[in-house]
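Working through the structure, step by step
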Amino acid sequence: MNHILVAEDEPRIASFVESGLTRHGYIVTVVNDGEAAYEYARSGAFDLMILDLGLPITDGLTVLRLLRAEKVDLPVVVLSARDSVADTVRGLESGADDYIRKPFGFDELLARVRLRLKSSGGQPEERMLRVGDLTLDVLTRRVLVDGGEVEVELTAREFALAEVFFRHPGHVLTKEQLLSQVWGLDFDPGSNVVEVYVRYLRRKIGDHRIDTLRGLGYRLRTESRASNEGPTDQLAGRD
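Parameters and conventions
Residues numbered from 1 in each chain as written. Predicted model: local features only at pLDDT ≥ 70, side-chain atom pairs only at ≥ 80, totals over all residues. Heavy atoms only, no water. Helix = DSSP H or I, 4+ residues; strand = E, 2+ residues; numbered from the N terminus. Buried < 20%, exposed > 50% of the residue type's maximum accessible area, 1.4 Å probe, protein only. Contact = heavy atoms within 4.5 Å. Salt bridge = Lys/Arg side-chain N within 4 Å of Asp/Glu carboxyl O.

Considering unusual backbone geometry
Of note, the amide linkage connecting K102 to P103 takes the cis form, showing an omega dihedral of -5°. Assignment of secondary structure puts P103 in the loop between β5 (98–101) and α5 (106–119). In this model, K71 sits at a positive phi of 65°, which is unusual for a non-glycine residue. Structurally, the position occupied by K71 is in the loop between α3 (60–69) and β4 (76–80).

What follows is the structure in structure tokens.
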């Protein structure tokens, strides 16, 4: 399992990146200043670093130059609000492997991370996730039901929600956890978007597969078939 260092001093962005990468099976450590980023990055404990240039104490470019001067070959993806061509060139010439401008989409960041890990020989993330008779293919973004007999088409957001459930089968996931991991920076705590998308997902993979535990959250069942007796948890029900 790949271990990623995120050096970002803006808490909301750091949380957004951390939750997204964790949802995709990565181990994530977050630091919020350049001094810590430098010390962690040279420890040899990480497979990749996502680096903000505007860090306090020591800026990101200095961190990058120090690491490369010491022959630390850790792959580095720069994530920065500095969006001029000159800034991009400066970052790449200082030793960055990739450069992403803020604001950014998580899908783009994830694609860059996967590419850099692959090219550096990092461990590939698990591709096929199986829960009962359901299969989710992370790379092709397909979901197969009934033991692979039926392929279901999901929208990007439905797939992201399904992936969270597949990575935590049998676990109760709260509305807040799902909002954070699927909708990230854009979520409104008072929104009913989770309820709506759980309903969409049930229609496509089977209503019986996702339990609602009232006042607690949602749970993807680990058994293959619907039970004739209904949920065993007295709090469980349907939306």
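There's more to say after this.
A few points about the environment of H171
Within the fold, H171 resides in the loop between α6 (156–167) and α7 (175–183). Here H171 falls in the partly exposed class, since its relative accessible area comes to 47%. Spatially, the C-alpha atoms of H171 and T222 are 9.5 Å apart, while their sequence positions differ by 51 residues. Once you skip the residues sitting within four places of it in the chain, H171 turns out to touch Y218, R219 and L220.

Concerning the pattern of salt bridges
Under the criterion given, the structure shown has 16 salt bridges. A salt bridge links D87 to R90, with the nearest nitrogen and oxygen atoms 2.8 Å apart. Residue D87 and its partner R90 are located together in helix α4 (residues 85–93), separated by three residues, close to a single helical turn. For R90, a relative accessible area of 36% corresponds to the partly exposed category. Among the salt bridges present, the one from E151 reaches R142, with a minimum N-O distance of 3.4 Å. Judged by its relative accessible area of 32%, R142 falls in the partly exposed class.

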